[in-house]
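# A structural walkthrough
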Amino acid sequence: MKGIPTVLITVSPEVSAQMRPPRALYPNGFKIGNSLGKPGMRELQRTVLRDALSLLTLETRPGSVVTKDYPDYGEYHEPPRVRK
Amino acid sequence: MSISRKCVPFTPFEDTLAKSTIAIVTAGGVHRKDQEPFNIADELGDLGYRVFTDDVNASDLKVTHHHYDHSDADKDINVVFPIDVLRDLQREGFIRNIALKHVGYMGYTMQLKAMYEGTAREIANEIDKGSRADAVVLTGG
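Residues numbered from 1 in each chain as written. Chains lettered and ligands numbered in written order. Predicted model: local features only at pLDDT ≥ 70, side-chain atom pairs only at ≥ 80, totals over all residues.

### Let's talk about the overall build of chain B
The number of helices and strands found in chain B is 3 helices and 7 strands. In chain B, the succession of α and β elements from N to C terminus is β-β-β-β-α-α-β-β-α-β. Against the compact-globule benchmark of 14 Å for 141 residues, chain B has a radius of gyration of 15 Å, which places it among compact chains. Its C-alpha atoms give chain B principal-axis dimensions of roughly 45 × 40 × 25 Å. For chain B, with 141 residues in total, the buried portion stands at 38%. Here the analysis covers contacts within chain B between residues at least 6 apart in sequence; of these, 80% occur between residues at least 24 apart. (Helix = DSSP H or I, 4+ residues; strand = E, 2+ residues; numbered from the N terminus. Rg over C-alpha atoms; globule rule 2.2 N^0.38 Å. Buried ≥ 20, exposed ≤ 12 C-beta atoms within 10 Å, placed from the backbone. Contact = placed C-beta atoms within 7 Å.)

Encoded structure:
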(Lines give C-alpha, C1' and ligand atoms only; values in the text may rest on other atoms or scores of the structure.)
Protein backbone atom coordinates (compact mmCIF):
# COMPACT_ATOMS: atom_id res chain seq x y z
CA MET A 1 0.00 0.00 0.00
CA LYS A 2 1.34 3.41 -0.92
CA GLY A 3 -1.03 5.22 1.42
CA ILE A 4 -4.29 7.02 0.78
CA PRO A 5 -4.61 10.80 1.06
CA THR A 6 -7.16 11.78 3.70
CA VAL A 7 -8.89 14.90 4.90
CA LEU A 8 -10.68 15.05 8.23
CA ILE A 9 -13.74 17.12 9.08
CA THR A 10 -13.62 17.63 12.83
CA VAL A 11 -15.86 19.36 15.35
CA SER A 12 -13.36 18.71 18.16
CA PRO A 13 -10.34 20.53 16.77
CA GLU A 14 -8.15 20.36 19.88
CA VAL A 15 -8.82 16.66 20.36
CA SER A 16 -8.19 15.96 16.67
CA ALA A 17 -5.01 18.06 16.60
CA GLN A 18 -3.49 15.73 19.20
CA MET A 19 -3.55 13.00 16.54
CA ARG A 20 -1.85 15.36 14.05
CA PRO A 21 -4.10 14.62 11.07
CA PRO A 22 -2.52 15.10 7.62
CA ARG A 23 -5.30 17.57 6.67
CA ALA A 24 -8.27 18.70 8.72
CA LEU A 25 -11.11 21.22 8.54
CA TYR A 26 -12.90 22.61 11.59
CA PRO A 27 -16.20 24.29 10.70
CA ASN A 28 -16.06 26.94 13.39
CA GLY A 29 -18.61 26.48 16.16
CA PHE A 30 -20.38 23.43 14.70
CA LYS A 31 -21.56 21.17 17.49
CA ILE A 32 -20.60 17.55 17.91
CA GLY A 33 -22.93 15.49 15.76
CA ASN A 34 -23.09 18.24 13.12
CA SER A 35 -19.83 17.71 11.20
CA LEU A 36 -21.40 18.87 7.93
CA GLY A 37 -24.01 21.21 9.42
CA LYS A 38 -27.62 20.73 10.44
CA PRO A 39 -30.13 18.25 8.99
CA GLY A 40 -31.47 19.25 5.59
CA MET A 41 -29.04 22.18 5.11
CA ARG A 42 -27.80 20.64 1.90
CA GLU A 43 -26.24 23.78 0.43
CA LEU A 44 -24.21 24.32 3.62
CA GLN A 45 -23.29 20.62 3.69
CA ARG A 46 -22.07 20.86 0.08
CA THR A 47 -19.99 23.95 0.91
CA VAL A 48 -18.34 22.24 3.89
CA LEU A 49 -17.60 19.09 1.88
CA ARG A 50 -16.19 21.10 -1.04
CA ASP A 51 -13.97 23.04 1.37
CA ALA A 52 -12.76 19.84 3.05
CA LEU A 53 -11.95 18.15 -0.26
CA SER A 54 -10.22 21.31 -1.46
CA LEU A 55 -7.71 20.96 1.39
CA LEU A 56 -6.37 17.95 -0.54
CA THR A 57 -5.20 20.31 -3.27
CA LEU A 58 -3.88 23.14 -1.08
CA GLU A 59 -0.51 23.56 0.58
CA THR A 60 -1.68 23.03 4.13
CA ARG A 61 0.64 22.31 7.02
CA PRO A 62 0.43 18.58 7.81
CA GLY A 63 -0.76 18.00 11.37
CA SER A 64 -2.66 21.27 11.61
CA VAL A 65 -6.40 21.96 11.63
CA VAL A 66 -7.81 24.67 9.35
CA THR A 67 -10.72 26.66 10.84
CA LYS A 68 -13.38 28.12 8.56
CA ASP A 69 -16.47 30.18 9.37
CA TYR A 70 -19.90 29.23 8.05
CA PRO A 71 -22.34 31.96 9.11
CA ASP A 72 -25.26 30.07 7.53
CA TYR A 73 -24.98 27.52 10.33
CA GLY A 74 -26.44 30.19 12.59
CA GLU A 75 -25.10 28.97 15.95
CA TYR A 76 -21.83 28.80 17.83
CA HIS A 77 -20.97 25.86 20.06
CA GLU A 78 -17.82 25.88 22.16
CA PRO A 79 -15.72 22.87 21.15
CA PRO A 80 -14.40 20.45 23.77
CA ARG A 81 -11.04 21.52 25.18
CA VAL A 82 -8.07 19.32 25.92
CA ARG A 83 -6.84 19.49 29.49
CA LYS A 84 -3.23 20.58 29.43
CA MET B 1 5.16 -1.49 8.73
CA SER B 2 4.70 0.51 11.89
CA ILE B 3 4.12 4.23 11.84
CA SER B 4 5.59 6.45 14.52
CA ARG B 5 2.91 8.39 16.34
CA LYS B 6 5.23 11.37 16.34
CA CYS B 7 5.22 11.78 12.58
CA VAL B 8 2.31 12.93 10.44
CA PRO B 9 1.40 10.10 8.03
CA PHE B 10 0.99 12.47 5.11
CA THR B 11 0.21 10.99 1.70
CA PRO B 12 0.41 13.56 -1.08
CA PHE B 13 -2.62 14.08 -3.30
CA GLU B 14 -1.32 14.27 -6.83
CA ASP B 15 -4.47 14.44 -8.88
CA THR B 16 -7.29 16.92 -9.35
CA LEU B 17 -10.60 16.54 -7.54
CA ALA B 18 -12.51 16.54 -10.83
CA LYS B 19 -10.67 13.34 -11.78
CA SER B 20 -10.86 11.69 -8.36
CA THR B 21 -12.90 9.01 -6.68
CA ILE B 22 -13.74 9.72 -3.05
CA ALA B 23 -14.62 7.45 -0.13
CA ILE B 24 -16.06 8.37 3.26
CA VAL B 25 -14.91 6.83 6.53
CA THR B 26 -16.86 7.91 9.59
CA ALA B 27 -16.23 7.37 13.28
CA GLY B 28 -19.83 8.39 13.94
CA GLY B 29 -21.14 4.88 14.61
CA VAL B 30 -22.93 4.67 11.25
CA HIS B 31 -24.11 1.29 9.97
CA ARG B 32 -26.79 -0.13 7.69
CA LYS B 33 -29.97 -1.00 9.52
CA ASP B 34 -29.59 -4.63 8.44
CA GLN B 35 -26.02 -4.82 9.78
CA GLU B 36 -25.19 -5.70 13.35
CA PRO B 37 -25.29 -2.53 15.48
CA PHE B 38 -22.16 -1.48 17.34
CA ASN B 39 -21.99 -2.92 20.83
CA ILE B 40 -22.59 0.07 23.07
CA ALA B 41 -23.00 -2.19 26.11
CA ASP B 42 -19.26 -2.89 26.14
CA GLU B 43 -17.66 -0.08 28.15
CA LEU B 44 -14.36 -0.71 26.36
CA GLY B 45 -15.98 0.21 23.05
CA ASP B 46 -16.58 -1.77 19.86
CA LEU B 47 -13.53 -2.29 17.63
CA GLY B 48 -15.54 -3.43 14.64
CA TYR B 49 -16.44 -1.57 11.47
CA ARG B 50 -19.11 -1.84 8.79
CA VAL B 51 -18.65 -1.53 5.03
CA PHE B 52 -21.22 0.05 2.70
CA THR B 53 -21.25 -0.08 -1.08
CA ASP B 54 -21.59 2.96 -3.32
CA ASP B 55 -25.29 2.31 -3.92
CA VAL B 56 -26.22 2.54 -0.23
CA ASN B 57 -29.35 4.55 0.52
CA ALA B 58 -29.10 7.20 3.21
CA SER B 59 -32.44 5.97 4.54
CA ASP B 60 -30.96 2.49 5.10
CA LEU B 61 -28.33 3.87 7.47
CA LYS B 62 -28.53 4.58 11.19
CA VAL B 63 -26.26 5.49 14.10
CA THR B 64 -25.45 3.33 17.11
CA HIS B 65 -23.12 5.35 19.32
CA HIS B 66 -23.58 6.45 22.91
CA HIS B 67 -20.85 9.06 23.22
CA TYR B 68 -22.40 11.90 21.24
CA ASP B 69 -25.86 13.29 20.57
CA HIS B 70 -26.78 11.80 17.19
CA SER B 71 -30.38 13.03 17.11
CA ASP B 72 -29.54 15.25 14.10
CA ALA B 73 -27.89 12.34 12.27
CA ASP B 74 -31.04 10.32 12.96
CA LYS B 75 -32.94 12.96 10.95
CA ASP B 76 -30.32 13.35 8.19
CA ILE B 77 -27.39 10.93 8.15
CA ASN B 78 -25.52 13.37 5.89
CA VAL B 79 -24.57 15.53 8.87
CA VAL B 80 -22.01 12.86 9.83
CA PHE B 81 -21.90 10.61 6.75
CA PRO B 82 -22.29 12.89 3.72
CA ILE B 83 -23.07 10.27 1.06
CA ASP B 84 -25.85 12.26 -0.65
CA VAL B 85 -23.73 15.40 -0.44
CA LEU B 86 -20.91 13.53 -2.17
CA ARG B 87 -23.37 12.44 -4.86
CA ASP B 88 -24.31 16.12 -5.36
CA LEU B 89 -20.63 17.00 -5.82
CA GLN B 90 -20.27 14.20 -8.36
CA ARG B 91 -23.30 15.47 -10.28
CA GLU B 92 -21.86 18.97 -10.45
CA GLY B 93 -18.48 17.62 -11.58
CA PHE B 94 -16.55 18.68 -8.47
CA ILE B 95 -15.39 15.07 -8.05
CA ARG B 96 -15.39 12.32 -10.62
CA ASN B 97 -16.78 9.39 -8.75
CA ILE B 98 -18.08 7.86 -5.54
CA ALA B 99 -15.87 5.06 -4.21
CA LEU B 100 -17.23 1.52 -4.34
CA LYS B 101 -16.79 1.12 -0.57
CA HIS B 102 -17.29 3.36 2.49
CA VAL B 103 -16.83 2.56 6.16
CA GLY B 104 -18.52 3.28 9.47
CA TYR B 105 -17.03 2.54 12.87
CA MET B 106 -17.63 3.66 16.44
CA GLY B 107 -15.08 6.29 17.31
CA TYR B 108 -14.98 5.57 20.97
CA THR B 109 -12.68 3.04 22.57
CA MET B 110 -10.66 2.40 25.67
CA GLN B 111 -8.58 -0.01 23.58
CA LEU B 112 -6.50 2.60 21.79
CA LYS B 113 -3.69 0.29 20.76
CA ALA B 114 -6.10 -2.25 19.25
CA MET B 115 -7.93 0.55 17.45
CA TYR B 116 -4.74 2.15 16.16
CA GLU B 117 -2.89 -1.02 15.21
CA GLY B 118 -5.85 -3.23 14.35
CA THR B 119 -9.07 -1.55 13.30
CA ALA B 120 -7.45 1.48 11.62
CA ARG B 121 -5.28 -0.76 9.46
CA GLU B 122 -8.15 -3.06 8.59
CA ILE B 123 -10.23 -0.07 7.48
CA ALA B 124 -7.31 1.30 5.42
CA ASN B 125 -6.91 -2.11 3.76
CA GLU B 126 -10.63 -2.29 3.11
CA ILE B 127 -10.50 1.07 1.31
CA ASP B 128 -7.24 0.20 -0.46
CA LYS B 129 -8.62 -3.04 -1.87
CA GLY B 130 -11.47 -2.62 -4.26
CA SER B 131 -12.90 0.78 -3.36
CA ARG B 132 -10.99 2.59 -6.14
CA ALA B 133 -10.78 5.63 -3.84
CA ASP B 134 -8.12 8.22 -4.66
CA ALA B 135 -8.77 10.02 -1.36
CA VAL B 136 -10.85 9.62 1.79
CA VAL B 137 -12.97 12.08 3.76
CA LEU B 138 -12.92 11.26 7.47
CA THR B 139 -15.64 12.42 9.81
CA GLY B 140 -16.27 12.09 13.51
CA GLY B 141 -19.65 12.66 15.08
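### Regarding unusual backbone geometry
Non-glycine residue A:Arg20 carries a positive phi angle of around 50 degrees. Relative to the elements of secondary structure, A:Arg20 occurs in the loop between α1 (13-18) and β2 (24-27). Its 17 C-beta neighbours within 10 Å are what place A:Arg20 among the partly exposed residues. One non-glycine residue, B:Arg132, lies in positive phi territory at about 65 degrees. Tracing the backbone shows B:Arg132 in the loop between α3 (112-128) and β7 (135-139).

### Examining the nonpolar core
Nonpolar side chains in soluble globular proteins tend to be buried together. Ranked by internal contacts, the top residues of the largest apolar core, which has 45 residues, are A:Val7, A:Ala52, B:Ile22 and B:Val137. The leading source of residues in this core is helix α2 (residues 42-54) of chain A, at 5 residues. What A:Val7 contacts, discounting residues up to four positions off in sequence, is A:Arg23, A:Ala24, A:Leu25, A:Ala52, A:Leu53, A:Leu55, A:Leu56, B:Val137 and B:Leu138. (Core = buried A, V, L, I, M, F, W, Y, C linked by C-beta atoms within 7 Å.)

### Considerations on the interface of chain B and chain A
Facing the 36 residues of chain B at the interface are 33 residues of chain A. For the side of chain B that touches chain A, the elements supplying multiple residues, two or more each, are α1 (71-75), α2 (83-91), α3 and β7 of chain B. For the side of chain B that touches chain A, the element with the most residues is β7(B), which contributes 5 residues. In the sheet, strand β1 (residues 6-9) of chain A pairs with β7(B) via 4 bridges, with the strands oriented parallel. Among the inter-strand pairings, A:Val7 is bridged to a residue of β7(B), identified as B:Val137. (Pairing = 2+ DSSP bridges.)

Read these as geometric descriptors, not functional statements.
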